[in-house]
Amino acid sequence: MSDFDKICKEYGKARVDSLVKIKETKNWEDHWPENKNEYPFNLGPCWKQCVEYYVDDFEAEVGFFVDMMGLFTNAFDDNYAMLMSPEKEFYFSFWKADKDKKATPPGAIKLCFLDSKIKNLKETLEGRGVPFTNNIEPLSEGSPMYRGECVSPNGTIVEIWGMEEEEGE
Amino acid sequence: MRDFNNVCKTLGDERLNRLKDVESEDDWSQVKTKRKHSFDFPLHDARKQWVEYHVSDFEAELGFYTDILGLSAQSLSQDYAVLHNESHEFYIGFWRACEEKPETPTGAISICFFFEDIYSGVDKLKRRGVGFTSDVKPFPDENGTCRLAKLKTPNGHSIEIWGFEDTPSE
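Predicted model only: the values in this text are computed from it and were never measured.

Caption draft 1: Local environment of the overall build of chain B. When its secondary structure is counted, chain B shows 4 helices and 8 strands. Of the regular secondary structure in chain B, the N- to C-terminal order runs α-α-β-α-β-β-β-β-α-β-β-β. Compactness check: chain B gives a C-alpha radius of gyration of 19 Å against a globular reference of 15 Å for 170 residues, more than 25% above the reference. Each of the three principal axes of chain B carries a C-alpha extent, and together these read 50 × 45 × 30 Å. In chain B, buried positions account for 35% of the 170 residues. Put simply, 46% of the contacts in chain B that link residues at least 6 apart link residues at least 24 apart.

Caption draft 2: How the structure looks around the overall build of chain A. For chain A, the count of helices and strands is 4 helices and 8 strands. Along chain A, helices and strands appear, N-terminal first, in the series α-α-β-α-β-β-β-β-α-β-β-β. For chain A, the C-alpha radius of gyration of 20 Å lies well beyond 15 Å, the compact-globule estimate for 169 residues. Expressed as lengths along the three principal axes of its C-alpha atoms, the size of chain A is roughly 50 × 50 × 30 Å. By residue count, 40% of the 169 residues in chain A fall in the buried class. A separation of at least 24 residues holds for 47% of the contacts in chain A among residues at least 6 apart in sequence.

Caption draft 3: The arrangement of the sheet that holds strand S8 (residues 158–164) of chain B in detail. Within the open sheet, the 8 strands sit side by side as S2(A)-S3(A)-S4(A)-S1(A)-S5(B)-S8(B)-S7(B)-S6(B). Their pairing is mixed. Sheet topology places strand S2 (72–77) of chain A together with strand S6 (132–139) of chain B at the edges, where each strand pairs with a single neighbour. The sheet shows a mean angle of 20 degrees between the axes of neighbouring strands, taken without regard to direction. Strands in contact with helix H4 (residues 118–127) of chain B are S6, strand S7 (146–152) and S8 of chain B; relative to S8 of chain B, the strand with the most contacts, it is inclined by about 145 degrees.

Caption draft 4: Representation of the confidence of the model for chain B. Looking at chain B as a whole, the pLDDT averages 89, with 97% of positions reaching at least 70. Under the prediction, the complex receives an ipTM of 0.82, its pTM being 0.86.

Caption draft 5: Representation of the interface of chain B and chain A in the model. Contacts between the two partners involve 75 residues from chain B, matched on the other side by 74 residues from chain A. Among the secondary structure elements, those contributing two or more residues to the side of chain B that touches chain A are helix H1 (2–20), helix H2 (25–33), strand S1 (49–55), helix H3 (58–68), strand S5 (109–114) and H4 of chain B. Per-element tally for the side of chain B that touches chain A: the top contributor is H1 of chain B, with 12 residues. A per-class count over the side of chain B that touches chain A returns 34 nonpolar, 21 polar and 20 charged. With 4 bridges connecting them, strand S5 (residues 110–115) of chain A and S1 of chain B associate as antiparallel partners. Residue Phe-113 of chain A lies in a different strand from S1 of chain B, and its bridge partner there is Gln-49 of chain B.

Caption draft 6: Quick peek at the sheet that holds S1 of chain B. Strand order in the open sheet made by the 8 strands is S6(A)-S7(A)-S8(A)-S5(A)-S1(B)-S4(B)-S3(B)-S2(B), with mixed pairing throughout. With partners counted over all chains shown, the strands left at the sheet margins are strand S6 (132–138) of chain A together with strand S2 (72–76) of chain B, one partner each. Across the sheet, the mean angle from the axis of one strand to that of its neighbour is 20 degrees, orientation sign disregarded. Sheet topology note: the S6 of chain A/strand S7 (residues 145–151) of chain A ladder contains 4 bridges and is antiparallel. If you follow Glu-137 of chain A over to S7 of chain A, its bridge partner there is Arg-147 of chain A. Sitting on the sheet, helix H4 (residues 118–127) of chain A is in contact with S5, S6, S7 and strand S8 (157–163) of chain A, with an inclination near 140 degrees to S8 of chain A.

Caption draft 7: Representation of the confidence of the model for chain A. The share of residues in chain A with pLDDT of 70 or more is 98%, and the mean pLDDT across the chain is 89. Within chain A, helix H2 (residues 28–31) of chain A has the poorest average pLDDT of any element, 78, and strand S4 (residues 91–96) of chain A the best, 96.

Caption draft 8: Representation of the packing of helix H1 (residues 3–18) of chain A against H3 of chain B in the model. Look at H1 of chain A against H3 of chain B: their axes get within 6 Å of each other, and the N-to-C directions meet at 90 degrees. Classified by the interaxial angle, the pair formed by H1 of chain A and H3 of chain B is roughly perpendicular. Where H1 of chain A approaches H3 of chain B, its residues Asp-5, Cys-8, Lys-9, Glu-10, Tyr-11, Gly-12, Lys-13, Arg-15 and Val-16 of chain A are matched on the opposing element by Glu-59, Ala-60, Glu-61, Leu-62, Gly-63, Phe-64, Thr-66, Asp-67 and Ile-68 of chain B. Taken together, the residues of the contact of H1 of chain A with H3 of chain B break down into 7 nonpolar, 3 polar and 8 charged.

Caption draft 9: Examining the nonpolar core more closely. Core analysis: the largest hydrophobic core is formed by 81 residues, its most contacted members being Tyr-53, Leu-83 and Phe-92 of chain A together with Val-51 and Ile-161 of chain B. Sort the elements by how many residues they give to this core and helix H3 (residues 58–68) of chain A lands first, with 7 residues. Beyond its immediate sequence surroundings of up to four residues, Tyr-53 of chain A is in contact with Phe-94, Thr-104, Ile-109 and Thr-156 of chain A together with Ala-108 and Ile-109 of chain B.

What counts as what
- Residues numbered from 1 in each chain as written.
- Chains lettered and ligands numbered in written order.
- Predicted model: local features only at pLDDT ≥ 70, side-chain atom pairs only at ≥ 80, totals over all residues.
- Helix = DSSP H or I, 4+ residues; strand = E, 2+ residues; numbered from the N terminus.
- Rg over C-alpha atoms; globule rule 2.2 N^0.38 Å.
- Buried ≥ 20, exposed ≤ 12 C-beta atoms within 10 Å, placed from the backbone.
- Contact = placed C-beta atoms within 7 Å.
- Pairing = 2+ DSSP bridges.
- Axes fitted to C-alpha atoms, helices over the stretch in contact; angles between N-to-C directions.
- pLDDT = per-residue confidence, 0-100.
- Nonpolar A, V, L, I, M, F, W, Y, C, P; charged D, E, K, R; others polar.
- Parallel < 35°, antiparallel > 145°, perpendicular 65-115°, else oblique.
- Core = buried A, V, L, I, M, F, W, Y, C linked by C-beta atoms within 7 Å.

Shown next as C-alpha cells:
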C-alpha cells in the first residue's frame, strides 16, 4: 500500500468510526468529519461522469439498453457505446472486450436506478419481455419502497428501486 | 432468458449495421435516437442512477472519494457508501467485499469524469497527493483536441479524467 493509499485509509477509517457515534439523523452533522478537501471540479459539456465496463457480446448489450430500456446514445461506434437518459440525467458506457480489455465478470458491478413511478415501470418492462431475476416488489410487506432486479445479456446486474406513487399522481 | 438475450442481440446487430451506412448528421441522429422502445421512466430526484462495485479495502476507497476528491456521502454504513458531488450530478456506490460479494476485479471498470478544465483539476489533485498513472495527454493522438489523464483508486480501479484542450475562459 502506497503512502497515499494509507492516508486515504486513515481518512476513511475516521468516517466509518464516526458512524458508531451517529445514532440519529439530527446528530449526523455533529459527528461527521469535515471533508479534508473540498470538491472543486466543474464537470464538462459533453458528459459529466460515467462508469465504463467491458462485455463479450457487445451487440446484445446495445440491444438491451438502447432498444429494450430505451436509452439514448451519447457516443456510439462498433466497439463502444456511451448511453444516457433522454434528459441526460446519467451516463454509463461499455466496450467490446478484447485481449487487452477482458470482459467485466457477471455480477461484478450493479447499475442502479431510482424510479419515481415504479408500478408503471414494472408493467412497461414486463410488457417488453424483460425477464426479472427478482420481481419488482415491496421490500417488505406494506413497504412503500420497491426493488427488483434484472440482468443484462452480459450479466450486468440492473437493480431498480422506486417509491410507491402517492394517490392522485 | 436466452430468447430475450437473442432479441437484444438482433436489435443491437441492426443498430450496428445502420452505423455502417451513416453518411450525414441526420443518419447519425437516427442511429442515436430511433429505438424499439422509449425510455419513459421518470427518475426520482433522491438519487436517479448510480453504479455499485465491491472493494476489499473499504476505508481506503471511502477516504479517497470523500477526503481527496471531496465528494459527499448520501448513504454510509460500515459496509456500503453512496457518494455524490455537491450538485448531485452523479452518484457512485461501493460495498465492502465479502464472500457473497467478492471484490470487483481491477480492470473490470473505469470511472470517468469530464472536467471543464482538466489542467486545473489535475493540478489540484496532484497538490492533494494523487499520483497519476498517466499525465494529461492529447487523445486519441497528439493532434487530438481531447485530453485524458489516468489514476487509480486505492483499490486499483481505474479513474479517467477527460477534458478539452481549450480551457474555459475565466
